[in-house]
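# Examining the three-dimensional arrangement
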Amino acid sequence: MTEAAAAANSRAVRGRVLTFLRPPRSTGDAQSYRFIQDGIVLVKDGRIALVGPADEIATRLPASIAVDRHPDALIMPGFIDVHIHYPQTQVIASYGAQLLEWLEKYTFVEEQKFADPGHAARNAEFFLDELARNGTTTACAYCSAHPSSAEALFTAAHKRNIGMIAGAAIMNRNGPPGLLEPAREAIAASRDLIRRWHGTGRQRYAVTPRFAITSTDEQLAEAGALLKEFPTVLMQTHLDENKNEIATVKRLFPNEPSYTAVYARFGLLGPRSLLGHCIHLGDDEVALLRDTQSVAVFCPTSNLFIGSGLFNHKRLMEAGVRIALATDVGGGTSYSMLRTAAEAYKVMQLQGQNLPALAAFDLMTRANAAALGLDGEIGTIAPGAYADLVVLDARATPAMAHRMEVTRDLEEELFVLMTMGDDRAVRQTYIAGRPVL
Ligand SMILES: [Zn+2]
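What comes next is a walk through the structure. (Residues numbered from 1 in each chain as written. Predicted model: local features only at pLDDT ≥ 70, side-chain atom pairs only at ≥ 80, totals over all residues. Heavy atoms only, no water.)

Bringing the overall build of the chain into the picture now. Counting secondary structure elements, the chain contains 16 helices and 16 strands. Radius of gyration (C-alpha) of the chain: 21 Å, near the 22 Å computed for a compact globule of 437 residues. Reported as C-alpha extents along the three principal axes, the dimensions of the chain are approximately 65 × 50 × 40 Å. Sorting the 437 residues of the chain into buried and exposed places 59% on the buried side. (Helix = DSSP H or I, 4+ residues; strand = E, 2+ residues; numbered from the N terminus. Rg over C-alpha atoms; globule rule 2.2 N^0.38 Å. Buried < 20%, exposed > 50% of the residue type's maximum accessible area, 1.4 Å probe, protein only.)

Next up, the structure:
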């Protein structure tokens, strides 16, 4: 290959580079991350080829390579959102209801519109644009119950080379007829989507029973069997979000000792299982999550907005449960993982707990990648990983710039970013090395 040809598939991004190596144990845990004050990330064919101090790398770059310079900004791995609903971009900000009423009054109404492939395609494009504007480079998304809605999202994400995880919602009871499919048909549709999309480019599938209330025993059992049949496919659902929801689960599954036990019985727990909310867990449920290495997904803006309750981070952490962080749009109120981290901080403050900025940024990147089983591939700035990057400006607004005048170190800068930042702090987003803003 000529140097010019090599340069065409290459790009260098220069600035202040920050990536996490392991979970921070406390504030000031400098061993948990790598920070390069003037660093270069060299991208080749969509992946990171090299990262290091500019004075070491600059002389080794081909003369014709494009260099994007962000000297005053932070270059980090793109954010990862582990729980979001792409058919709810027009459900967000729906007034005055808690979970079950909110589903019936707003969500099921909007999701039925995704029977129309044109509507789904338009929303998929909007959804991916909005993620990019917020610096989110991978998301684990619920689609509507229509297989064509998943098809639309995968098609759009594949075209942009975005690593998405998604699944068509499986439901066969307690919803409007337009969203219900007989147990076996929904499973067959999921199997077909897995064969078509799981491992196609960067796309991956998540088997998606909406929650225990909307599936019969038979359908949950079939979903569990599907997970067994495809050992690298993920599973996403909701758990212990709202007290009326839990009472309904108790009524529908009278023989199970808990909500979590329902999922355990049907083979839906395990290291590939992502359980949204996990707010009102009994001790036996915490033990089940820990023992099965399932992931509890903290969705703070949603939990506050729908009035569901406070996620007990400290309790789950100390019990050894894996934890991820997510927006849960449209129950959640912002696509921004920065805003999400800010609300996570407040939810923890209300319980006398703290969320150090280092831990929050580790969660949004490395830890969320690990929750998806994608550590090393995304969520890190290291050779071999996809060059999915976000460039963050902690002086993006006058109020942030003013606050930054007295900021003393990196950790304070990160705390300003997560407390005051949102999409305005995202200066650029790179998807597999390509700037998309
Ligand atoms: Zn959700």
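On we go from here.
Take the sheet that holds strand E15 (residues 426-431) next. Ordered by their spatial adjacency, seven strands build an open sheet running E3-E2-E1-E4-E14-E15-E16, and the pairing between neighbours is mixed. At either end of the open sheet lies a strand with only one pairing partner, and these are strand E3 (47-53) and strand E16 (434-435). Here strand E4 (residues 67-77) pairs with strand E14 (residues 389-392) via four bridges, running antiparallel. Bridge pairing in E14 places Ile75 opposite Val391. Contacts between helix H14 (residues 357-371) and the sheet are confined to strand E1 (10-20), strand E2 (33-44), E4 and E14, with E1 contributing the most and set at about 135 degrees to the helix. (Pairing = 2+ DSSP bridges. Contact = heavy atoms within 4.5 Å. Axes fitted to C-alpha atoms, helices over the stretch in contact; angles between N-to-C directions.)

What follows concerns the coordination of the zinc ion. Here the zinc ion is held by the protein donor atoms His83 (NE2), His85 (NE2), His238 (NE2) and Asp328 (OD), which lie 2.1 to 2.3 Å from it. Every donor counted, the four donor atoms about the zinc ion form angles of 89 to 169 degrees at the centre, which fits irregular coordination. (Donors = N, O, S within 2.8 Å, 3.2 Å for Na, K, Ca; no water. Tetrahedral: all angles 85-135°; square planar, octahedral: opposite > 155°, others 65-115°.)

Moving on, we come to unusual backbone geometry. A cis amide bond links Val329 to the next residue, Gly330, at an omega of 5 degrees. As for its placement among the helices and strands, Gly330 is situated in the loop between strand E13 (322-325) and helix H13 (337-349). Backbone geometry places Ala93, a non-glycine residue, at a positive phi of 65 degrees. Assignment of secondary structure puts Ala93 in the loop between strand E5 (79-85) and helix H3 (99-112). With a relative accessible area of 63%, Ala93 lands in the exposed category. For Asp240, which is not glycine, the phi torsion reads 45 degrees and is therefore positive. Inspection of the secondary structure puts Asp240 in the loop between strand E10 (234-239) and helix H8 (243-252).

Moving on, we get to helix H7 (residues 217-229). The end-to-end C-alpha distance of H7 is 18 Å, a good match for the 18 Å that 13 residues give at a rise of 1.5 Å each. Buried residues of H7: Gln219, Leu220, Glu222, Ala223, Gly224, Leu226 and Leu227, and no others. Buried residues belonging to H7 abut strand E8 (169-170), helix H6 (183-197), strand E9 (204-209), E10 and helix H9 (259-265). (Expected span 1.5 Å × (residues − 1).)

What the rule picks out here adds up to 31 salt bridges. With a closest N to O distance of 2.8 Å, Arg22 and Asp29 form a salt bridge. Judged by relative accessible area, Asp29 falls into the buried class, the value being 10%. For Arg210, the salt bridge identified is with Glu111, shortest N-O distance 3.0 Å. (Salt bridge = Lys/Arg side-chain N within 4 Å of Asp/Glu carboxyl O.)

Of all five residues making up strand E11 (residues 273-277), five are buried, and the element is well covered by its neighbours. Pairing of E10 with E11 involves five bridges; the strand directions are parallel. When the bridges of E11 are listed, His238 appears paired with Gly276. Relative to strand E12 (residues 295-298), E11 runs parallel, the two sharing three bridges. What sits directly across from Leu275, in E12, is Ala296. In terms of handedness, the path from E11 via helix H10 (residues 283-292) over to E12 forms a crossover that is right-handed. (Right-handed = clockwise from strand over helix to strand, strands pointing away.)

What follows concerns the side chain of Glu222. Relative to the helices and strands, Glu222 resides in helix H7. For Glu222, a relative accessible area of 19% puts it in the buried group.

Attention now moves to the packing of aromatic side chains. Taken as a whole, this structure holds ten aromatic pairs when the rule is applied. Plain terms: the ring middles of Phe79 and Phe361 are 6.4 Å apart, the flat faces sit at 55 degrees to each other, and that makes the pair tilted. Of the two residues, Phe79 sits in strand E5 while Phe361 sits in helix H14, which places them 282 residues apart along the sequence. Of the two residues, Phe79 and Phe361, both sit in the buried class. (Phe/Tyr/Trp six-rings, centres within 6.5 Å; stacked < 30°, edge-to-face > 60°.)

A few words on the packing of helix H4 (residues 117-133) against helix H5 (residues 147-160). Orientation of H4 relative to H5, taken along the N-to-C sense of each, is 45 degrees, at an axis distance of 9 Å. For the element pair H4 / H5, the angle class is oblique. Our pair here, H4 against H5, has a crossing hand that is right-handed. On H5, the residues touching Ala120, Ala121, Ala124, Glu125, Phe127, Leu128 and Asp129 of H4 are Ser149, Ala152, Leu153, Ala156, Ala157, Lys159 and Arg160. (Parallel < 35°, antiparallel > 145°, perpendicular 65-115°, else oblique. Left-handed = near helix turned anticlockwise from the far one by under 90°.)

Looking at where Pro257 falls in the secondary structure, it is placed in the loop between H8 and H9. On a C-alpha basis, the gap between Pro257 and Leu239 in space is 14 Å, while along the polypeptide they are 18 residues apart.

Attention now goes to H13. Across its 13 residues, H13 extends 18 Å between first and last C-alpha, which sits within 8% of the 18 Å expected from 1.5 Å per residue. Met337, Leu338, Thr340, Ala341, Ala342, Glu343, Ala344, Val347 and Met348 are the residues of H13 that are buried. Sitting at the head of H13, Ser336 places a side-chain oxygen 3.1 Å from the backbone nitrogen of Leu338. (Polar contact = N/O pair within 3.5 Å; in protein donor to acceptor, adjacent residues only side chain to side chain.)

Attention now goes to the packing of H6 against H7. As a packed pair, H6 and H7 sit with axes 9 Å apart at the nearest point and diverge in direction by 20 degrees. For the element pair H6 / H7, the angle class is roughly parallel. H7 is crossed by H6, and the crossing has right-handed handedness. Between H6 and H7, the contacting residues are Ala183, Arg184, Ala186, Ile187, Ser190, Arg191, Ile194 and Arg195 on the first element and Glu218, Gln219, Glu222, Ala223, Leu226 and Glu229 on the second.

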